[in-house]
Amino acid sequence: MDNTVVKKYFIKNAAEWVDYGHTKDGNNYPVGKHRNRIVKKIIERNKHTNSILDIGCGGGNLCVDLAKEGYKVKGVDESSEMIKIAKRSVEKLNFNYDISFDKLSLQNIRDDKAEYDVITSMGVIGYLDNDDILFDIASRKLYKGGKFIVSCRNRLFNLFPGSKYLKKEIDEGGVIELLNEINNLDNSNMPMGETSDFIKSIKGIEADNNLKFEKNNFIENGPSKGLLDESFLSEIRQHTPSSLDISADKFGFSRDAVFGVHPHLLPTTLNNKLPPGLYNQLASSLESWEENPISLIWSSVFISVNKKNGS
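Before going into details, it helps to say that this report is about the structure given with it. (Residues numbered from 1 in each chain as written. Predicted model: local features only at pLDDT ≥ 70, side-chain atom pairs only at ≥ 80, totals over all residues. Heavy atoms only, no water.)

1. Some remarks on unusual backbone geometry
Okay, so step 1: Despite not being glycine, H262 has its phi angle at roughly 60°, a positive value.
Okay, so step 2: By secondary structure assignment, the location of H262 is in strand 7 (residues 253-263).
Okay, so step 3: In this structure H262 comes out as buried when scored by relative accessible area, which is 15%. (Helix = DSSP H or I, 4+ residues; strand = E, 2+ residues; numbered from the N terminus. Buried < 20%, exposed > 50% of the residue type's maximum accessible area, 1.4 Å probe, protein only.)

What follows is the structure in structure tokens.
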């Protein structure tokens, strides 16, 4: 993908992109907000974390959340507008957290001498021509045993009913490859605790549902228009966990865990045909299984946790 186009896009749409990923509702699922929730959970389990680098920090939402938990956090991004938003978010805090933001290119980050316990990179890898520079940075800047947490667009989701990428996989002969990887996912019985949470979520939807079914509601609360340019997004590279593992291994990493993000309970074509919020309210019940490899079947994004080999 043309890096100049990417830079211009995230300068022009910085504020809208942050809003779209973290605060919008209606037909939009706030992927950024849920990625951050999962990353916080991962890091909380990593007992030896002090310093964190967030590559492609955007508006700084994840950095602020982690700093509030007591971590030393640095966020970097190539978009000057994103860094401005991030710095403004720190100015609003009523406590002196150990957090900083800097506008840096990936090359500048790689040349910096600092080291970290954890590096995160949410939604960046798909805009790059290949995975090498991110894994190279992580291998240089993580202490041994450190964790590189990266989120990717999930190519396995292309086989989900209603996926707009299914025809492309058929035309390009990728279906068998994806089916084989899906069939190799852990197919053990679903844990009772996760299953119980799923059932409770489904049952709770009717009780908690305040959605209005008036016709006008569909128009007033429909998805945002103009921000997510389809021609732009169609160029973003997708990954499967196995394809990302190849890059990880090349730079001395091994996968610790994988999480499904942005679940879908129904075909995606139904999102705009249902009252705003209902599609995603139903889909959110599947968050109960987000740590189970089977969640990769219905999740459009995944987070991979990679450990730098060595003690």
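2. Quick look at the pattern of salt bridges
Oppositely charged side chains are able to pair whenever their charged atoms sit close together.
Okay, so step 1: Under the definition given, this model contains 16 salt bridges.
Okay, so step 2: The shortest N-O distance in the salt bridge between D112 and K141 comes to 3.6 Å. One end of the pair, D112, is in the loop between helix 6 (106-111) and strand 4 (116-122); the other, K141, is in helix 7 (residues 132-141), and 29 residues separate them in sequence.
Okay, so step 3: Looking at K141, the relative accessible area reads 1%, which means it is buried.
Okay, so step 4: Here K250 makes a salt bridge to D132, at a shortest N to O gap of 2.9 Å. Taken together, the residues span a long stretch of sequence, with K250 in helix 13 (residues 241-250) and D132 in helix 7 at a distance of 118 residues.
Okay, so step 5: When salt bridges that share partners are traced, they join R37, K41, R45, E287, E290 and E291 into one network. (Salt bridge = Lys/Arg side-chain N within 4 Å of Asp/Glu carboxyl O.)

3. Here we look at the packing of aromatic side chains
Okay, so step 1: Enumeration according to the criterion identifies seven aromatic pairs in this entry.
Okay, so step 2: Seen in terms of ring centroids, F95 and Y97 are 4.9 Å apart; in terms of plane orientation they differ by 55°. Their pairing is tilted.
Okay, so step 3: Note on Y97: relative accessible area 22%, which makes it partly exposed.
Okay, so step 4: Residues F157 and F160 carry aromatic rings whose centres are separated by 5.1 Å and whose planes lie at 20° to one another, so their mutual orientation is stacked.
Okay, so step 5: On the accessibility criterion, F157 (8% relative accessible area) is buried.
Okay, so step 6: Here F160 falls in the buried class, since its relative accessible area comes to 10%.
Okay, so step 7: Among the aromatic side chains, those forming a connected cluster through ring pairs are F135, F148 and F253. (Phe/Tyr/Trp six-rings, centres within 6.5 Å; stacked < 30°, edge-to-face > 60°.)

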